[in-house]
Amino acid sequence: MRHQVLPATSADVAYVASLLEDEPGAADWPEKEPGRRLIEACAFSAQIWAARRLSDGATSALWGVTPRLDNPEIGYLWMMTLAVFEGESREFSMLCRLVFGEMLDQFPRLEQHIDAQEDRTLDLLRGLGFHIGEPQRQLGSATTFRHVWLESRSFDSFSNVPGGTTTLAH
């Protein structure tokens, strides 16, 4: 592996937020600057993890999870990746397994709503054992989203399938 996963520091978050300065707003929250949105997500997160390159220590990805307001047993997952993982989907998947395993120790269920056109993200999550719901429009949005979720018991069984994924230590 060319990366290590560690709890994120404020330097990790600031680095990624600075890279988002010129990015357009998200489809589900266009009035919010992406860097500001990342910092706010971090402020509410119960866990934040960073992938750092072993070669230079640069932050390559962030993952976080916030408790849902209406049900604190469910973690609302978010993740940000940088271009360094283009063409490195196997390594990124392995890193996600490490992080999601940690998150599922605290939250029995992780979920999110993903833009239905984000095929690559949906394929990644499907490959990690997430259930993918049917496309639906949310109130006040022209964008179609898919509800995705992963439960700890299905992640455990998915991770231990013979010939499937392997258990990873970090």
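Note that the structure is predicted; figures quoted are calculated from it, not measured.

Procedures and definitions
Residues numbered from 1 in each chain as written. Predicted model: local features only at pLDDT ≥ 70, side-chain atom pairs only at ≥ 80, totals over all residues. Heavy atoms only, no water. Pairing = 2+ DSSP bridges. Helix = DSSP H or I, 4+ residues; strand = E, 2+ residues; numbered from the N terminus. Axes fitted to C-alpha atoms, helices over the stretch in contact; angles between N-to-C directions. Contact = heavy atoms within 4.5 Å. Phe/Tyr/Trp six-rings, centres within 6.5 Å; stacked < 30°, edge-to-face > 60°. Buried < 20%, exposed > 50% of the residue type's maximum accessible area, 1.4 Å probe, protein only. Polar contact = N/O pair within 3.5 Å; in protein donor to acceptor, adjacent residues only side chain to side chain. Salt bridge = Lys/Arg side-chain N within 4 Å of Asp/Glu carboxyl O.

Novice: When you look at the sheet that holds strand 1 (residues 3–7) in this model, what are you seeing that I'm missing?
Specialist: Adjacent strands of a sheet form backbone hydrogen bonds with each other and so pair up, either parallel or antiparallel. The strand order across the open sheet formed by seven strands is 1-2-3-4-5-7-6, and the pairing between neighbours is mixed. The sheet terminates laterally at strand 1 and strand 6 (131–137), the two strands that pair on one side only. Strand-to-strand, the axes of this sheet are offset by a mean angle of 25°, without reference to chain direction. Pairing of strand 6 with strand 7 (residues 144–151) involves five bridges; the strand directions are antiparallel. In the sheet register, R137 faces strand 7, and the bridge partner there is T144. Along the sheet, helix 3 (residues 89–106) contacts strand 1, strand 2 (47–53), strand 3 (59–67), strand 4 (74–81), strand 5 (109–115) and strand 7; its crossing angle with strand 3, the most-contacted strand, is approximately 25°. This element, helix 4 (residues 119–127), spans strand 4, strand 5, strand 6 and strand 7 of the sheet and lies at about 160° to strand 5.

Novice: Whenever I open this one, the packing of aromatic side chains confuses me. Can you help?
Specialist: What characterises a pair of aromatic rings is the spacing of the ring centres plus the angle enclosed by the ring planes. Across all of its chains, the model carries two aromatic pairs by this definition. Between the aromatic rings of W63 and F92, the centroid separation amounts to 5.7 Å while the plane-to-plane angle is 15°, which identifies the pairing as stacked. Residue W63 is found in strand 3, and its partner F92 is found in helix 3; the two are separated by 29 residues along the sequence. As far as the burial class goes, W63 and F92 line up, both buried. Relative to F130, the ring of F100 lies with its centre 5.6 Å away and its plane at 75°, an arrangement referred to as edge-to-face. With a gap of 30 residues between them, F100 in helix 3 and F130 in the loop between helix 4 and strand 6 connect regions that are remote in the sequence. By relative accessible area, which is 0% here, F100 ends up buried.

Novice: Would you take a moment to explain the environment of Y76 for this structure?
Specialist: For Y76, the position within the fold is in strand 4. Counting along the chain gives 37 residues from Y76 to H113, while the straight-line C-alpha distance between them is 9.1 Å. Looking at Y76, its side chain comes within polar contact range of the side chain of Q112, at 2.8 Å.

Novice: Any chance you could explain the pattern of salt bridges here in plain terms?
Specialist: Close approach of charged atoms lets side chains of opposite charge pair. One pass over the structure, following the stated rule, counts 10 salt bridges. With its nearest N and O atoms 3.6 Å apart, the salt bridge here joins R36 to E40. Pair noted here: R36 and E40 are both in helix 2 (residues 34–44), with a separation of four residues, about one helical turn. The exposure class of E40 is partly exposed, given its relative accessible area of 22%. Notably, a salt bridge pairs E151 with R109, separated by 2.8 Å at the nearest N-O pair. Taken as a pair, E151 in strand 7 and R109 in strand 5 lie far apart in primary sequence, 42 residues in all. Accessibility classification places E151 together with R109 in one group, the buried group. One network of salt bridges, with partners in common, ties together R68, D70, R109, E111, E151 and R153.

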